[in-house]
Amino acid sequence: MKEKINQKSNFKNILKRITKMFFAQEFMHKEQLIVWIIADIVKMAGLCFVWSASAKITGNMDQGYVITYYVLMILVSKLMQDITPANGVQQILNGKFSNSLLKPMSYLTEYLGSNLGSNLFRLIVSVPAFVLGMYITSRLGFWIVDFNPYLIFLGLIAVAIGFLINFLLGNIFALIAFYNKNMEGMRIFYNNIAATFSGEYIPFVALPLLALFTVQVLPFRYTLSFPIEILLGRMTNYDLGVGFIIGTIWLIALYVLYLVLFKISIKKYAAEGI
Amino acid sequence: MLQREYKTTIWRYVRIWFLNLRASIKKSNTYKGEIFVRFFRTFFILGIQVLLLTLVFGNSEVYVGWTKAETYLVMGIWNLLNYFGWAFFGINLERLESRVLSGEFDFTLLKPLSSAWFSSFYDFSVYSVISSLSGFVLVGYYFFITWGTLSLTNVLLGVAGIIVGLLFWYAFYLLLSSFTLANPRNGFLALVKEILGLAKYPVNIYSSSIQMVFFTILPIAFVTTVPASLIIGRMGYAFLIIGTGLAILFVRLSYWVWKQNVKKYVSAGG
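These figures come from a predicted structure and were not determined experimentally. (Residues numbered from 1 in each chain as written. Chains lettered and ligands numbered in written order. Predicted model: local features only at pLDDT ≥ 70, side-chain atom pairs only at ≥ 80, totals over all residues. Heavy atoms only, no water.)

### Considerations on a nonpolar patch on the surface
All names here are of chain A.
Alright, step 1. A contiguous nonpolar surface patch, about 470 Å² in accessible area, is contributed by Tyr179, Ile252, Val256, Val260 and Ile264.
Alright, step 2. Here Ile252 lies in helix H11 (residues 237-265).
Alright, step 3. Exposure remark for Ile252: the relative accessible area of 54% places this residue in the exposed category. (Patch = residues over 30% accessible without salt bridge, like charges linked within 9 Å, V, L, I, M, F, W, Y side chains within 5 Å. Areas by Shrake-Rupley, 256 points an atom, 1.4 Å probe, with all protein chains shown as cover. Salt bridge = Lys/Arg side-chain N within 4 Å of Asp/Glu carboxyl O. Helix = DSSP H or I, 4+ residues; strand = E, 2+ residues; numbered from the N terminus. Buried < 20%, exposed > 50% of the residue type's maximum accessible area, 1.4 Å probe, protein only.)

### Examining the side chain of A:Ser114
Alright, step 1. With respect to the helices and strands, A:Ser114 occurs in helix H6 (residues 107-139).
Alright, step 2. Its relative accessible area of 5% is what places A:Ser114 among the buried residues.

### Details of the packing of aromatic side chains
Alright, step 1. A complete count under the given rule lists 49 aromatic pairs over all chains for this structure.
Alright, step 2. Ring geometry for A:Phe97 and A:Tyr107: centres 4.8 Å apart, planes at 80°, overall edge-to-face. Placement of the pair is A:Phe97 in helix H5 (residues 97-102) and A:Tyr107 in helix H6, with a sequence separation of 10 residues.
Alright, step 3. When its relative accessible area of 7% is taken as the criterion, A:Tyr107 is described as buried.
Alright, step 4. An angle of 40° between the planes, with centres 5.9 Å apart, marks the rings of B:Trp117 and B:Phe121 as tilted. With B:Trp117 and B:Phe121 both in helix H5 (residues 115-121) and four residues apart, the pair spans about one turn of that helix.
Alright, step 5. Overall, B:Trp117 belongs to the buried group, its relative accessible area being 13%.
Alright, step 6. Here the aromatic residues A:Phe97, A:Tyr107, A:Tyr111, A:Phe178, A:Tyr258, A:Phe262 and A:Tyr269 are joined through ring pairs into a cluster of three or more.
Alright, step 7. The ring of B:Tyr122 has B:Arg99 sitting right over it, with the charged end atom 4.5 Å from the ring centre. (Phe/Tyr/Trp six-rings, centres within 6.5 Å; stacked < 30°, edge-to-face > 60°. Lys NZ or Arg CZ within 6 Å of the ring centre and 35° of its normal.)

### Examining the side chain of B:Gln49
Residues and elements named next belong to chain B.
Alright, step 1. Position of Gln49 relative to the elements: it lies in helix H2 (residues 32-57).
Alright, step 2. Residue Gln49 is classed as buried on the basis of its relative accessible area, which comes to 9%.
Alright, step 3. Residues contacting Gln49, with those up to four places away along its chain left out, are Met75, Asn79 and Leu138. (Contact = heavy atoms within 4.5 Å.)

### A look at the UniProt feature "transmembrane region" (unreviewed entry) in chain B
Alright, step 1. With numbering matched to this structure, UniProt assigns "transmembrane region" (unreviewed entry) to residues 35-57, 69-89, 124-144, 156-176, 212-232 and 238-258 of chain B.
Alright, step 2. Taken end to end, residues 35-57 of chain B comprises 100% helix and 0% strand; its first and last C-alpha atoms sit 33 Å apart. (UniProt positions renumbered as here; feature names shortened; annotations may be inferred.)

### A look at the environment of B:Leu240
Residues and elements named next belong to chain B.
Alright, step 1. Following the sequence through the fold, Leu240 ends up in helix H13 (residues 237-264).
Alright, step 2. Spatially, the C-alpha atoms of Leu240 and Phe118 are 29 Å apart, while their sequence positions differ by 122 residues.
Alright, step 3. Contacts of Leu240, omitting those with residues within four sequence positions, involve Leu157, Ala160, Gly161, Val164 and Leu230.

Dropping the structure here:
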């Protein structure tokens, strides 16, 4: 019991240390990270061209909305990233997960810290690209965000909820590695699903009503699109309320689901390492 | 000295590649469930791409000068090049970093073969061939829709254009991954993937200055837009000849850059 109390009080300190450690680790490979972020910007610039050309031709959506959506994504996506589907799965497969089980803390704390450290570093590196994107978009007359403090506050809460949803989804997915020893195809498939339904490839403003309803009910929207939609300032109070309620329900449901699945799945862990 | 005992003719490379292919097919039998997952993913990707293009077109018949069937053709060619590229060399060049960091690349240099060739083609991803089905479906759809108006000459030119596109794809991959030898963990391969990703759509979606770049300095227009235009009959022999010349130039350049980077390889591992 005493140990449990200590664990709780130490959680903040451990998380802080792991975050710092991963921040430093990311800094060590900063060149790679900068190139990754450039690659990310290339992808988003491409999608910007695709959808702005579509908006111009079809008139179904506002060109400014779509372009600002992708510029904001440069920053928001960095806060949402979760490395568990890659690293967590690998640890289970190669048997290193055993180390995490021996540590006097939940392995989730370690994963959370590693995500926070690397996301923080990625965010800092992305800021110049975001500012440049914002500057160019403003000069072209497409920037539509007026940085309302209230919306920024709501956006930050949505980012926190979205990150935790993404983190839990990633950790639930990683549990499959206890059963299946070849996760490569599944991991790529999971990434495809998450990217599609989070609004990365298709901005939800372009979707027809039925498809929009479907993505609003799924958890992936809250891992990327929802905070951006808030910052864009075109949501009604009703949509905001519904979005936060669905996001929170998913957060709680995924946490419970994770606890249940982990309890069942850990029994399958043979620590064989392949 | 020992290396002289081996004849490094093209047939020797072909024979080695087929041996590697056989080993890769045997290896892929280990996880049969993976084949099912890849099939499922292929149809998911196909569905998403069709949805994306449907939304991009809206009620409009034409998008940046391309009809829906023509845009499917561009995307289909991209899928073919992407997944075949991954099956043949992408998977190997992606692993180059870990081979350099673990010191395994030293063994590649000891082999009596071109290190660039061996690093590119030592394994074959059977699973990626499954994903290329999405490309065949999209290209097939275009052929089905335009069957009556298709010209055999244009189709043959288009096939040649796709082969040229694959050469470009390989050149870009090899060029940027070669820097891993001199400076591992540089992230260049992620960059090349996203740059090639820009070719998923007709280059006409970009501004005229960017289009100029895509036809000259960074010739990704030759990867999908040119082969598709050749099939449609919008471009002629001239583009194929220019494309072939540029592709050979890029492959030669990437092999030269590879050699320069091999000279800088210090075998220090990770």
